Amino acid sequence: MDKEAVEKPTINRAKFATSLGVLAATLGSAVGLGNIWKFPYLAGSNGGAAFLLVYIVCMLLIGIPVMVTELTLGRVARSNAIATMQKLAPKGQPWWLIGAAGVLSAFLIMAFYSEVAAWVFAYIIKAIQGGILSTDPEVTKSAFNGLVTDPTQSLIWQWIDLAIVGFIILLGVNKGIEGATKKLMPILLILLIVVGIRSITLPGAGEGLAFLFQPDFGKLTAASFLIAMGLAFFKLSVGMGTMITYGSYFRDDQDIPGTAFRVAFSDLAVSLLAGIAIFPAVFAFGYEPNAGPSLLFLTIPSVFASMPLGNVFMVIFFILTFIASIGAQISLVEVPVAFLEEKFHLSRKVASISTVVAIAVFGALAALSNSLLADVKLLGMTFFDLFDYTTSNILLPLGGLFIAIFISWVWGKKKITAALTNDGKLANTWIVNVLYGTLLVVTPILVTIVLLNGLKIIQ
Ligand code: TRP
């Protein structure tokens with residue numbers, strides 16, 4: 001009975017229709033607030049260029065191999081994250097827990113992510129009304145603080161964001177996810193280039209570029225290695241079943257390693273562009289690079305304030321950032337939605353609406369972290385920081401660790417080679433061999449060391 005319930009949806013499952021659509025949806029999941037909001041503030045607080053290098057190493061040795069793994073398992077099983085692990089694991093072994101942890105992570109990430117998207121949405125409206133455009137740190141800081149310390153605004157903008165995400169998810173895989181991301185990603189890139197050019201032509205911009213590109217390894221600590229690795233997981237949307245779920249919509253002739261490399265490097269390019277847009281402004285206008293989660297919201301208005309037609313461009317910039325966040329959010333929400341649909345035979349509508357409502361209720365904990373719940377702290381962190389920290393730095397690495405062990409040690413080389421070469425049709429055997437070796441040894445060892453060291457379990 002249970003077996004039937006798990007396998008039934010395989011028959012008429014949705015698929016991404018075109019190769020371009022696959023790339024757009026997968027890149028749409030990877031590119032998001034992680035590039036434009038998280039990367040700059042984490043690089044800013046962890047020493048800049050040295051952090052960037054560690055991040056790139058993590059992306060190559062951990063992020064890409066895990067992404068390939070997830071896409072592969074999803075495509076082979078053609079199921080949601082939990083059922084995929086159930087189908088592929090040997091009988092009686094609890095590998096499905098990876099999928100279950102993924103569904104939990106989706107809620108934890110969405111709780112704070114939807115709040116940051118809410119700030120972005122609020123900034124669109126504020127930019128249209130005028131008033132936040134200023135190169136004076138006092139003005140931009142008080143605009144941001146005014147927003148995040150107001151409980152009503154924090155909640156309402158979050159609900160608006162979730163309503164939009166829920167609506168797109170409800171439209172389904174093709175019309176919703178694929179349709180939206182394909183049109184919007186290119187516009188964002190162009191605008192980031194425009195802001196980047198303005199930022200590097202500001203007086204004093206050189207210091208910002210040096211901060212981002214001239215490594216000073218003395219600034220790295222065990223904690224910054226963990227944060228760089230966590231960012232690699234977060235950036236590439238891996239470690240919690242998003243890519244398993246998306247892989248389940250991939251066509252059989254899609255080149256999985258090729259897709260993963262293209263997505264990872266395009267994603268890196270977007271992060272670098274965001275860094276180029278933000279760091280010169282940090283130094284030109286006298287902000288602190290370690291301002292934390294507020295960095296984007298302080299510096300971007302200053303860059304635009306120093307530019308002709310700045311307000312118009314700023315409105316467009318925040319609209320596009322919001323759109324980028326939507327592609328990522330639908331991929332997060334798709335994990336529980338696909339599970340609910342398939343496991344309990346719910347309609348897409350019921351599964352989407354119940355997931356989004358649950359996120360709205362739970363997400364209030366993160367939304368109110370700067371106002372009503374500012375003094376409620378667990379492990380010294382507000383709910384917002386706790387959800388952000390534990391997902392990136394604990395849950396995603398653990399998920400990635402186990403999934404790498406699963407594919408290389410349990411599933412095995414023969415099946416991996418067949419799946420990644422599309423049954424011998426792709427001439428990529430050496431890439432497959434390198435990926436297999438990495439997943440077998442390098443990824444598990446590296447994740448374990450960085451995790452234990454960063455959490456101060458070993459020193
Ligand atoms: N990668 C997205 C970003 O950078 C966020 C995201 C989407 C994500 N899906 C995910 C993070 C799954 C972790 C896991 O904004």
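Residues numbered from 1 in each chain as written. Predicted model: local features only at pLDDT ≥ 70, side-chain atom pairs only at ≥ 80, totals over all residues. Heavy atoms only, no water.

This next bit is on the overall build of the chain. Of regular secondary structure, the chain possesses 19 helices and 0 strands. Relative to the compact-globule value of 23 Å for 459 residues, the chain shows a C-alpha radius of gyration of 21 Å, a close match. Taken over the C-alpha atoms alone, the chain extends approximately 60 × 45 × 40 Å along its principal axes. Residue burial in the chain is summarised as follows: out of 459 residues, 59% are buried. (Helix = DSSP H or I, 4+ residues; strand = E, 2+ residues; numbered from the N terminus. Rg over C-alpha atoms; globule rule 2.2 N^0.38 Å. Buried < 20%, exposed > 50% of the residue type's maximum accessible area, 1.4 Å probe, protein only.)

Before going further, it helps to spend a moment on the site of the ligand. Around the ligand lies a shell of 16 residues, among which Ala-30, Gly-34, Tyr-113, Phe-234 and Lys-235 are the nearest. A distance of 3.2 Å separates an oxygen atom of the ligand from a polar atom in the backbone of Leu-33. Tyr-113 is positioned such that a nitrogen or oxygen atom in its side chain is 2.4 Å from an oxygen atom of the ligand. For the ligand, whose unbound accessible area comes to 360 Å², protein coverage reaches 100%. Those elements that provide at least two residues to the shell around the ligand are α2 (19-30), α3 (33-45), α6 (96-129), α11 (222-235) and α15 (310-344). No other element matches the 3 residues that α15 contributes to the shell around the ligand. (Near = heavy atom within 4 Å. Polar contact = N/O pair within 3.5 Å; in protein donor to acceptor, adjacent residues only side chain to side chain. Areas by Shrake-Rupley, 256 points an atom, 1.4 Å probe, with all protein chains shown as cover.)

Our focus in this paragraph is the environment of Ala-269. Along the chain, Ala-269 turns up in helix α13 (residues 256-285). Through-space distance from the C-alpha of Ala-269 to that of Asn-35 is 9.2 Å; in sequence the pair is 234 residues apart.

Tallying each qualifying case throughout the model produces 6 salt bridges. Salt-bridge contacts for Asp-388 lead to Lys-38; the nearest nitrogen and oxygen are separated by 2.7 Å. On the criterion of sequence distance, the pair formed by Asp-388 in helix α17 (residues 383-411) and Lys-38 in helix α3 is long-range, its members being 350 residues apart. Taking relative accessible area as the criterion, Asp-388 reaches 6% and is therefore assigned buried. Between Asp-253 and Arg-251 there is a salt bridge, with its nearest N and O atoms 3.0 Å apart. The network of salt bridges with common partners includes Glu-334, Glu-341 and Arg-348. (Salt bridge = Lys/Arg side-chain N within 4 Å of Asp/Glu carboxyl O.)

Along the chain, the position of Asn-80 falls in the loop between α4 (49-77) and α5 (81-88). Look at Asn-80 and you get buried, because its relative accessible area is 2%. Reaching out from Asn-80, the side chain makes a polar contact with the backbone nitrogen of Ile-82 at a distance of 3.1 Å. For Asn-80, the side chain forms a polar contact with the main-chain nitrogen of Ala-83, separated by 3.0 Å. Apart from the residues lying within four places of it in its own chain, the contact partners of Asn-80 are Arg-13, Ile-244, Ala-338, Phe-339 and Glu-342. (Contact = heavy atoms within 4.5 Å.)

For the rest of this paragraph, the subject is the packing of α4 against α17. Following both chains from N to C, one finds α4 and α17 inclined at 65 degrees, their axes separated by 10 Å at the closest point. Considering only the axes of α4 and α17, their crossing is left-handed. Touching Val-66, Thr-69, Glu-70, Thr-72, Leu-73 and Val-76 of α4 are Gly-400, Ile-403, Phe-406, Ile-407 and Trp-411, all from α17. Classifying every residue of the contact of α4 with α17 gives 7 nonpolar, 3 polar and 1 charged. (Axes fitted to C-alpha atoms, helices over the stretch in contact; angles between N-to-C directions. Left-handed = near helix turned anticlockwise from the far one by under 90°. Nonpolar A, V, L, I, M, F, W, Y, C, P; charged D, E, K, R; others polar.)

With respect to the element layout, Thr-245 can be found in helix α12 (residues 242-247). The class of Thr-245 is buried, set by a relative accessible area of 0%. A distance of 2.7 Å separates a polar side-chain atom of Thr-245 from the backbone oxygen of Gly-241. Those residues within four positions of Thr-245 in sequence are excluded, and the remaining contacts are Ala-81, Glu-334, Val-335 and Ala-338.

Here the focus is the environment of Ala-232. As for its placement among the helices and strands, Ala-232 is situated in helix α11. The class for Ala-232 is buried, based on a relative accessible area of 1%. For the pair Ala-232 and Gly-412, spaced 180 residues apart in the sequence, the C-alpha separation amounts to 25 Å. Those residues in contact with Ala-232, other than ones at most four positions away along the chain, are Tyr-55, Cys-58 and Met-59.

Turning our attention to the nonpolar core. Ranked by size, the top nonpolar core spans 153 residues in total, and within it Trp-37, Met-229, Phe-297, Phe-317 and Phe-318 carry the most contacts. Per-element tally for this core: the top contributor is α6, with 19 residues. Among all residues touching Met-229, those that are not within four sequence positions of it are Cys-58, Ile-62, Pro-397, Val-447, Val-450 and Leu-451. (Core = buried A, V, L, I, M, F, W, Y, C linked by side-chain atoms within 4.5 Å.)

Relative to each other, helix α8 (residues 151-171) and α15 sit at 65 degrees, their axes nearing to 9 Å. The two elements α8 and α15 meet at a crossing, and its hand is right-handed. In this structure, α8 contributes Asp-161, Ile-164, Val-165, Ile-168 and Ile-169 to the contact, and α15 contributes Phe-322, Ile-326, Gln-329, Ile-330, Val-333, Glu-334 and Val-337. Of the residues contributing to the contact of α8 with α15, the split by class is 9 nonpolar, 1 polar and 2 charged.

In this model, helix α16 (residues 348-367) (20 residues) spans 27 Å end to end at C-alpha, consistent with the 28 Å of a helix rising 1.5 Å per residue. Most pronounced at Val-361, the bend in α16 amounts to some 30 degrees. Against α6, α8, α15 and α17 lie the buried residues of α16. (Expected span 1.5 Å × (residues − 1). Bend = angle between axes of the 7 residues up to and from the residue.)

We note that Leu-309 has phi near 60 degrees; this positive angle belongs to a residue other than glycine. Turning to its location among the elements, Leu-309 is positioned in the loop between α14 (295-305) and α15. You can call Leu-309 exposed: its relative accessible area is 61%. Positioned with a positive phi, Asp-423 is a non-glycine residue whose angle comes to about 60 degrees. In this structure Asp-423 comes out as exposed when scored by relative accessible area, which is 63%.

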